[in-house]
Structures are given as structure tokens and as C-alpha cells.
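So the chains spell out like this:
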Amino acid sequence: MQRYSYKRMIEEAEASLILSDREPRIASLLLEDLFGIDRVYLMLHEEEEVPGERHGIFEKAVARAAAGEPYQYVTGFSWFYGYKMEVDENTLIPRNETEELVEFVLEQEPDDGRTVADIGTGTGAIGLLLQKHWHKNRVVLTDVSSGALEMAGKNAEALGVSPEIFRGSLFEPLTDRGIMADCIVSNPPYIAYDEKDDMDASVYRHEPHLALFADDGGMALYKQMVDGLPTVLKPGGTVYFEIGWRQYTALSTYIKKVWPKTRPQLKKDMNGQDRILFFRWED
Ligand code: SAM
Ligand code: GLN
């Protein structure tokens, strides 16, 4: 059997990823995440021989990534806000932009025993991290996908938090139980079907379409939630939506039309793109 150093193994993986039009840095991300080793370890040990079984595991993983699968589905987890979130084909891979939403909500909302609902929780990324940082607030997670909620349950256990987790479409799980929240947070599917050609092929082919696409130019779920606020949100309660970079004007116009006393606000993400629309709801 051939002798493989970490260095050689990464170089070969990078070459095969480049040939498949994938980002070469996926090679070291895979190596780090599959075997739990960090960059510094790799630098110090790059000339060392890789145990045979690691080489086989790594080659198979690289082949999947080269074929277009997001590397987080290959390793089975993604880093989010400093924590490991398990992911699978039923869940969107939580994005960096969404970490900014978690951070913003933590800055804005006090931990005083309020009820906060994360609608369309997927892996649980937003709601679980909020619950992890709060001691008094009650967090409710919902999703229409039972596969996603199974994953959110596993992630809750791994993080050592126990929020309430309910299945159902948008606000249904709350209205069914008579839950009135002080705050609604949601990163719903918001991509228009006709944006499909602009998307990364790996996202389109592998991530759940239920998590990505929405009718009405991507606006359908926001509009349903805006219309339904009186059924689930206490007057004066707050709403935080993650939005697509071109959606602020249309969505804020819609919100002001339905709730004329409400003043939507915008927060951009670290790339300077429109990303969070938030408001205090006044009916
Ligand atoms: N909150 C997670 C995050 O930020 O990483 C996942 C966001 S993903 C963009 C949208 C999520 O909404 C998916 O988990 C999807 O299953 C869920 N979803 C789609 N339609 C829904 C609906 N009608 N009611 C509730 N959840 C829905
Ligand atoms: N931001 C994600 C993407 O562009 C989509 C998430 C969403 O639709 N809410 O891939």
C-alpha cells in the first residue's frame, strides 16, 4: 500500500475538487471535520503518515464532495455560532448570515421570561442557540418537516437545551395550543422559483427545496405570517425575519400596508447585503 502523508492526501483531494469545479478548501475542511483535527495539528503533522483507514474514509468523502454534495452533508454536521449542528438531507445547512440573526436577537431581546417562537426551525439553529443563551425565556421551535424536527430534537439534546418543539405549518402549532408569543423569529424559505438558475448547483441539487423556495417571488410565507400576527403575537411584540438581499422594499411595503402603524427596519449583514427585517408590531 502507498504511503500517504496528510499533505499529499490534501493536495490530491484539492486537485480532484478543482477538476470537478468545487472549492479546493473543502479538502481541509473535510479532513478537519471528519477526524476532529484542527489546522495547527495539520500544520505540525503534515508530513506524517495517515493511518490507512483514515485515507479510505477521506477518499470516499472527497468523492462525494467532488460529485457536488455539500461537505456538511458528508460529515453530517455544520458549525453554527460556535456549536456543532447535525444536518441531513431534510435540513438546510445553517448559514453564516443566520448567525448574525441569532446575535442580533440576543442583543435586542431581554431574557425576562418572554416567549419566543422560531418558525421554520430546520436543524433548530436559531431557536436552539437562543435557548442556549437564555435562562428565563421560553423558546418554541416549529417546522412543517418532521425530518427537520427530528434533527432539531437531536441537536437540542446535544446542546443540552429543551425547548418545546412542534410540527405544523407556520403559526398553526402556536394557534392550536393557544400560545401567544412576545417575539417571532423566522428564516423561512424565501427564494423565488425563477432564481433557480442563479443558484449554486450544489445547493439546488442537495438542499431540501421545502427549505429554499417559496411562491409569490419568494414572499408567500412572509406575507402569511404578517397577516396572521394577531393570532400568535402579543400587541407590541417583535418580529425578526431573515430576508433575501432584494426583498426589503417589497416586504416592508407589504407590512406597512397591512399594519400601517408598524415601522419595519433593516439590518444589513457583514457583506453589506440587506438581511434582517425587524419591527415592533402595532395593530
Ligand atoms: N431556521 C433554519 C435556519 O435558519 O437554518 C432553517 C431555515 S430554512 C431556510 C426554512 C425552514 O422552513 C425549513 O426547515 C423548512 O422545512 C421550513 N418550512 C417550509 N415551509 C414551512 C411552513 N409552511 N411552515 C413551517 N415551516 C416551513
Ligand atoms: N440563504 C439561503 C441561500 O441563499 C436560503 C435560505 C432561505 O431561503 N431562507 O441559499
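Keep in mind the model is a prediction, meaning the values are calculated, not measured. (Residues numbered from 1 in each chain as written. Chains lettered and ligands numbered in written order. Predicted model: local features only at pLDDT ≥ 70, side-chain atom pairs only at ≥ 80, totals over all residues. Heavy atoms only, no water.)

### Details of helix α1 (residues 6–19)
An α-helical turn contains 3.6 residues, so any two residues separated by three or four positions project in the same direction.
Consideration 1: Between its first and last C-alpha atoms α1 spans 20 Å; for 14 residues at 1.5 Å apiece the expected length is 20 Å, and the two agree.
Consideration 2: Every buried residue of α1 is listed here: Tyr6, Met9, Ile10, Ala13 and Leu17. Down the axis of α1, the buried set is contained in an arc of 95°. They therefore lie on one face. Set apart from the buried face of α1 by more than 90 degrees, the exposed residues are Ile18 and Leu19.
Consideration 3: Buried residues in α1 make contact with α2 (26–35), α3 (39–45) and α4 (52–66).
Consideration 4: The first or second residue beyond α1 is aspartate 21, which carries a positive phi of 70°. (Helix = DSSP H or I, 4+ residues; strand = E, 2+ residues; numbered from the N terminus. Expected span 1.5 Å × (residues − 1). Buried < 20%, exposed > 50% of the residue type's maximum accessible area, 1.4 Å probe, protein only. Arc of directions from axis to C-beta. Contact = heavy atoms within 4.5 Å.)

### Considerations on the packing of α2 against α4
Consideration 1: Interaxial distance between α2 and α4 falls to 10 Å at its minimum, and their mutual angle equals 130°. With respect to their mutual orientation, α2 and α4 come out oblique. For the pair α2 and α4, the crossing hand works out as right-handed. Within the contact between the two elements, α2 uses Ile26, Ala27, Leu30, Leu31, Leu34 and Phe35 and α4 uses Arg54, Ile57, Phe58, Ala61, Val62 and Ala65.
Consideration 2: Among the residues making up the contact of α2 with α4, the classes are represented as eleven nonpolar, no polar and one charged. (Axes fitted to C-alpha atoms, helices over the stretch in contact; angles between N-to-C directions. Parallel < 35°, antiparallel > 145°, perpendicular 65-115°, else oblique. Left-handed = near helix turned anticlockwise from the far one by under 90°. Nonpolar A, V, L, I, M, F, W, Y, C, P; charged D, E, K, R; others polar.)

### Brief notes about the UniProt feature "domain: Methyltransferase small" (unreviewed entry) in the protein chain
Consideration 1: Residues given the UniProt feature "domain: Methyltransferase small" (unreviewed entry) here are residues 108–195.
Consideration 2: Taken end to end, residues 108–195 has its terminal C-alpha atoms 32 Å apart, with 34% of it in helix and 24% in strand. (UniProt positions renumbered as here; feature names shortened; annotations may be inferred.)

### Topic: the site of ligand 1
Consideration 1: Taken together, 19 residues surround ligand 1, and among them Gly120, Asp143, Leu170, Asn187 and Ala211 come closest.
Consideration 2: With respect to ligand 1, the side chain of serine 169 contributes an N or O atom lying 3.0 Å from a nitrogen atom.
Consideration 3: For ligand 1, whose unbound accessible area comes to 590 Å², protein coverage reaches 95%.
Consideration 4: Looking at the shell around ligand 1 residue by residue, the class counts come to ten nonpolar, eight polar and one charged. (Near = heavy atom within 4 Å. Polar contact = N/O pair within 3.5 Å; in protein donor to acceptor, adjacent residues only side chain to side chain. Areas by Shrake-Rupley, 256 points an atom, 1.4 Å probe, with all protein chains shown as cover.)

### Some thoughts on the packing of aromatic side chains
Consideration 1: Scanning the model with the defined rule gives ten aromatic pairs in all.
Consideration 2: When the ring of tyrosine 193 is compared with that of phenylalanine 213, the centres are 5.3 Å apart and the planes differ by 15°; the resulting orientation is stacked. Here tyrosine 193 is found in the loop between β6 (181–186) and α10 (201–206), whereas its partner phenylalanine 213 is found in the loop between α11 (209–212) and α12 (220–232), with 20 residues between them in sequence.
Consideration 3: We classify tyrosine 193 as partly exposed; its relative accessible area is 48%.
Consideration 4: You can call phenylalanine 213 buried: its relative accessible area is 7%.
Consideration 5: Put simply, the rings of Tyr190, Tyr222, Phe241 and Phe279 touch in pairs and so form one group of aromatic residues.
Consideration 6: Sitting over the ring of tyrosine 4, arginine 8 keeps its end group 4.3 Å from the ring centre.
Consideration 7: A cation over a ring is seen here: arginine 177 above phenylalanine 166, with NZ or CZ 3.8 Å from the ring centre. (Phe/Tyr/Trp six-rings, centres within 6.5 Å; stacked < 30°, edge-to-face > 60°. Lys NZ or Arg CZ within 6 Å of the ring centre and 35° of its normal.)

### Here we look at the nonpolar core
Consideration 1: Membership of the largest hydrophobic core comes to 35 residues, with the highest contact counts inside it found for Ile184 and Phe241.
Consideration 2: Here this core takes five residues from α12, the largest share from any one element.
Consideration 3: Ignoring any residue separated from it by four or fewer positions in sequence, one finds isoleucine 184 in contact with Ala117, Ile119, Phe171, Leu174, Val232, Leu233, Thr238, Val239 and Tyr240.
Consideration 4: In terms of nonpolar packing, the next biggest core, distinct from the first, is built from 24 residues, Leu101, Trp134, Val161 and Tyr240 among them. (Core = buried A, V, L, I, M, F, W, Y, C linked by side-chain atoms within 4.5 Å.)

### Overview of the site of ligand 2
Consideration 1: In the vicinity of ligand 2, the contacting residues are Arg95, Asn187, Pro188, Pro189, Tyr190, Ile191, Ala211 and Leu212.
Consideration 2: Side-chain polar atom of asparagine 187 to a nitrogen atom of ligand 2: 2.8 Å apart, as the coordinates give it.
Consideration 3: Separating a nitrogen atom of ligand 2 from a backbone N or O atom of proline 188 is a distance of 2.7 Å.
Consideration 4: Notes on ligand 2: free accessible area 300 Å², of which the protein chains cover 83%.
Consideration 5: Taken together, the residues that form the shell around ligand 2 break down as six nonpolar, one polar and one charged.

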